[in-house]
Amino acid sequence: MAKLTTEQLIDAFKELSLIELSEFVKSFEEVFEVTAAAPVAVAAAAAPAAAAAEEKDSFDVVLESAGDQKIAVIKEVRALTNLGLGEAKALVDGAPATVLEGANKDAAEKAKAALEGAGAKVTLK
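Nothing here was measured: the structure is a model prediction, and the numbers come from that model. (Residues numbered from 1 in each chain as written. Predicted model: local features only at pLDDT ≥ 70, side-chain atom pairs only at ≥ 80, totals over all residues. Heavy atoms only, no water.)

A.B. asks: Which parts of the structure should I look at to understand the packing of helix α5 (residues 70–80) against helix α7 (residues 105–117)?
C.D. replies: Each pair of packed helices can be summarised by the angle the axes make with each other and by the distance between the axes. It is the contact of α5 with α7, at a shortest axis distance of 8 Å, that shows an interaxial angle of 160 degrees. The pairing of α5 with α7 is recorded here as roughly antiparallel in orientation. Handedness of the crossing formed by α5 with α7: right-handed. Contacts between α5 and α7 involve V73, E76, V77 and L80 on the former and, on the latter, A111, A114 and L115. Residues belonging to the contact of α5 with α7 are distributed by class as follows: six nonpolar, no polar and one charged. (Axes fitted to C-alpha atoms, helices over the stretch in contact; angles between N-to-C directions. Helix = DSSP H or I, 4+ residues; strand = E, 2+ residues; numbered from the N terminus. Parallel < 35°, antiparallel > 145°, perpendicular 65-115°, else oblique. Left-handed = near helix turned anticlockwise from the far one by under 90°. Contact = heavy atoms within 4.5 Å. Nonpolar A, V, L, I, M, F, W, Y, C, P; charged D, E, K, R; others polar.)

Written as structure tokens, this is what we have:
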């Protein structure tokens, strides 16, 4: 198999749906025995206090309520996270709850739009 460049890999990932990308991440974590979520949490914790005074560059996506389309919201939560069905349902049932922590602005806005499109009430913090 020919070695792919970083740009080629990024282009390939751009063509995947969120669900396909989530499945890839799960497989990657299993094969290489790593957790993809750990660097995000470490990076958010390592951010200096001075950065807080600047424009906010990481956001928490908080599910305030599921609304009338609870099943659709659970599906979106599963697509945005690596949670199983039971865990995603528990998160939605326990609203208000944080769906994503330390997400960049674009990812947070996309997640908010996807959840609101499913009928949920969402805030960014």
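A.B. asks: For this particular structure, what's the right way to read the confidence of the model for the chain?
C.D. replies: Low pLDDT marks stretches whose predicted atomic positions should not be read closely. Of all residues in the chain, 83% attain a pLDDT of 70 or more, and the chain-wide mean is 79. Averaged pLDDT values over the elements of the chain bottom out at 47 in helix α4 (residues 50–53) and peak at 89 in α5. Within the model, pLDDT remains below 50 along residues 39–43, and this stretch shows two contacts once partners closer than five positions in the same chain are excluded. (pLDDT = per-residue confidence, 0-100.)

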